[in-house]
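# Chains, contacts and geometry: an overview
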Amino acid sequence: MPQALLSRRAFNLSAAAAAASIAAPAFAQSAWPNKPIRIIVPYTPGGFTDQMARLVQVGLQQRLGQPVIIDNKPGANSLIGVEALAKSPPDGSTFGVVIAAYAANTTLYPKLPYDPKKDLVGVSLMGVSPLLAAVNNNAPFKTAKELIAYARANPGKVSFGSSGNGSAAHLTSELWKALTRTYMVHIPYRGAVPALTDLLGGQIQLFFDAPTGLINQGKAGKVRLIGVASDRRLPAVPDVPTFIEQGFEGFTGSTWAGMLAPAGTPREIVKRMSDEVARIIRSDDTRVKLDAMGTFPVGSTPEEFDAFITAETSKWAKVIQTAGVKAE
C-alpha cells in the first residue's frame, strides 16, 4: 500500500478518535434525562409544597427537554410520599419536594419507614418562607408585647392554632412560648385552612402560619399581623416588623421547600438538577412570584442543603423534646 495512502488513513483514524473523545462527555451529559421526570409532593395539591414544586416544573421541562410530572402523595404528615421517594429507583427519574416537617419528623417518629441519612440526599434548598403571626381582630391585644403581657396575666386563656402536631406552625409557636415564658393552649387542626377559619371566628386568638395563607387576610384587614419570625421583613408586607426588631432576639421560625433525590442517584445528575433548580429559582420571573408568596429564594448546592437539613433537625428536636410534642 502506498505510503501516502497509509498516512492519509492514519490521519483519518486519529481524527476520528479525537472527535470521539470530544463527543463522549457531551453524549454522557445529554444521556440524562432520557425519560419523563417525576416530582413527588407528599401533600395535597394547592399547598405551599405543591406550589413550590409547580414553580419549577415548567422551567425544568424547558431546560431538560422532558415532561416533568407532579405526583401528589399526601398522608401521615408526609411520611407516605417521602417513603415512596426513598424507595424509588435512583436513576434520576424521580425527585421529591419536602418542607420543614421533614426535619421535624426525624424526632417525632422514632420508627420512620425510611432512613433520612441513608435513603435520601439533598438536591437544593429552593426557598425559605418565614412564618407570620396573626391575631384575631377582637383579641384584647394588638401587638406582640401586648400579647405576652396578656398571656402572662391570664395563663391558659390564649389559644393558638396550628396545621397539626409537629408542623412548622406548631413548633414555632412552642418556641415562642418558651422564649416568652408564657402558657398558651395549643389547638391542632388538620391543615391551615380550618385553623385560619377559627382564627377569623375568634375560636383561637393566635396563629403562626406560612405567609401565603395570611398575607391577603392581613391586607384585607380580616386579621392583624403582629410579626415576622425572621431576621428581615417580607417584601409583600413591608410594614409588618420582625420579632427581632421588636426586641425578641434570635426568634426565627420558618417553613421551607427543598428538593431531595433517592440515595444512590448519580452525583452528576444530582448536581445538574441542583444547578437547573437554582437557575429557575433565582430568575427574575420566579423572584416576583416568591415575593408575593412571602418566600425568600435560595437555590443551594446539594451539600449546603444536606447541612441545612442537619441543622434544622437538631433545632426542632430540642423544641419537640422540651415541649413534649407528640405525633398525631
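### So, the packing of aromatic side chains
Think of a pair of aromatic rings as described by two things: how far the centres are apart, and how the planes are tilted against each other in angle. Enumeration according to the criterion identifies 14 aromatic pairs in this entry. Relative to Phe95, the ring of Trp32 lies with its centre 6.5 Å away and its plane at 70°, an arrangement referred to as edge-to-face. Pair noted here: Trp32 is in the loop between α1 (3-30) and β1 (37-41) and Phe95 is in strand β3 (residues 94-98), with a separation of 63 residues, a long-range link. Looking at Phe95, the relative accessible area reads 0%, which means it is buried. One aromatic cluster in this structure is built from Trp176, Phe208, Phe243, Phe248 and Phe251. The ring of Phe296 carries Arg232 above its face, with NZ or CZ at 3.6 Å from the centroid.

### Some points on the sheet that holds strand β8 (residues 206-209)
The strand order across the open sheet formed by 5 strands is β7-β6-β8-β5-β9, and the pairing between neighbours is mixed. Looking at which strands have only one partner, the edges of the open sheet turn out to be β7 (185-188) and β9 (223-228). On average, adjacent strands in this sheet sit at an angle of 30° to one another, irrespective of strand direction. Pairing geometry for strand β6 (residues 159-162) and β7, over 4 bridges, is parallel. Residue pairing for β7: Gly161 is matched across the bridge by Ile187. The strands touched by helix α8 (residues 192-201) within the sheet are β5 (132-136), β6, β8 and β9, with β8 carrying the most contacts at an inclination of about 150°.

### Focus: the nonpolar core
Counting residues in hydrophobic clusters, the biggest one holds 48 residues, and the most contacted among them are Trp176, Leu206, Phe243 and Trp256. Examining the composition of this core, we find that 5 residues originate from one element, helix α12 (residues 302-323), more than from any other. Formed by 32 residues, the second largest nonpolar core is a distinct cluster that contains Trp32, Ile39, Ile70 and Ala261.

### Some thoughts on the packing of helix α2 (residues 48-64) against helix α10 (residues 267-281)
One can describe the packing of α2 onto α10 by two numbers: an axis separation of 9 Å at closest approach and a directional angle of 115°. Relative to α10, α2 is oriented roughly perpendicular. Here α2 runs over α10; the crossing is right-handed. Contact with α2, carried on its side by Met52, Leu55, Val56, Gly59, Leu60, Arg63 and Leu64, involves Arg272, Met273, Glu276, Val277, Arg279, Ile280 and Ile281 of α10 and no other residues of that element. For the contact of α2 with α10, the class distribution of residues is 9 nonpolar, 1 polar and 4 charged.

### What to know about the layout of surface pockets
Its volume calculated, the largest pocket comes out at about 1,000 Å³. Lining the largest pocket are 37 residues, with Tyr43, Ile99, Ser163, Gly191 and Ala192 positioned closest to its centre. Residue assignment for the lining of the largest pocket shows that the elements contributing at least two residues are α2, α7 (168-180), α8 and α9 (211-219). For the lining of the largest pocket, the element with the most residues is α8, which contributes 4 residues. Among the residues making up the lining of the largest pocket, the classes are represented as 18 nonpolar, 16 polar and 3 charged.

### Digging into the sheet that holds strand β10 (residues 254-262)
Ordered in space as β2-β1-β3-β10-β4-β11, the 6 strands form an open sheet in which the pairing is mixed. Of all the strands in the sheet, just β2 (68-72) and β11 (296-297) have a single pairing partner and so form its edges. Here 3 bridges tie β3 to β10, and the two strands are oriented antiparallel to one another. Bridge assignment links Val98 to a residue of β10, and that residue is Gly258. Contacts between α2 and the sheet are confined to β1, β2, β3, β4 (120-130) and β10, with β2 contributing the most and set at about 160° to the helix.

Cut-offs applied
- All residue numbers here refer to positions counted from 1 along the written sequence of the relevant chain.
- Confidence filtering applies because this is a predicted model: local features only for residues at pLDDT of at least 70, side-chain atom pairs given and counted only at 80 or more, and all residues used for totals across whole chains, interfaces and linings.
- Hydrogens and waters are ignored; side-chain quantities use all the structure's heavy atoms.
- To pair, rings of Phe, Tyr and Trp, with the six-membered ring standing in for Trp, must have centres within 6.5 Å; the planes then decide the type, stacked if under 30 degrees apart, edge-to-face if over 60, and tilted in the middle.
- Each helix corresponds to a stretch of at least 4 residues labelled H or I by DSSP, and each strand to a stretch of at least 2 residues labelled E; elements are numbered beginning at the N terminus.
- A 1.4 Å probe rolled over the protein chains alone gives each residue an accessible area, and that area as a share of the maximum for its type sets the label: buried under 20%, exposed over 50%, partly exposed in between.
- Distance and angle both matter: a charge sits over a ring if NZ of Lys or CZ of Arg is within 6 Å of the ring centre and within 35 degrees of the ring normal.
- Following DSSP output, two strands are said to pair if at least two bridges run between them.
- The angle between two axes is taken between their N-to-C directions and runs from 0 to 180 degrees, where each axis is a line fitted to C-alpha atoms and a helix contributes only its stretch in contact.
- Every residue pair with non-hydrogen atoms within 4.5 Å of one another is taken to be in contact.
- Residues belong to one nonpolar core when they are buried, are Ala, Val, Leu, Ile, Met, Phe, Trp, Tyr or Cys, and are joined through side-chain atoms within 4.5 Å.
- Angle categories are assigned with fixed cut-offs, so that under 35 degrees is roughly parallel, over 145 is roughly antiparallel, 65 to 115 is roughly perpendicular, and the rest are oblique.
- Crossing chirality is assigned from the near helix's rotation relative to the far helix, an anticlockwise turn below a right angle marking it left-handed and a clockwise turn marking it right-handed.
- Throughout this entry, Asp, Glu, Lys and Arg are counted as charged residues, while Ala, Val, Leu, Ile, Met, Phe, Trp, Tyr, Cys and Pro are counted as nonpolar. The remaining residues, Gly among them, count as polar.
- A pocket, in this scheme, is an open set of points on a 1 Å grid over the protein atoms alone with protein on both sides within 12 Å along at least 5 of 7 lines, while a cavity is a set where a 1.4 Å probe fits but cannot get out; residues line either one if an atom lies within 4 Å of a point.
- Grid points are joined across faces, edges and corners, and a volume is the space filled by probe spheres set on the points.

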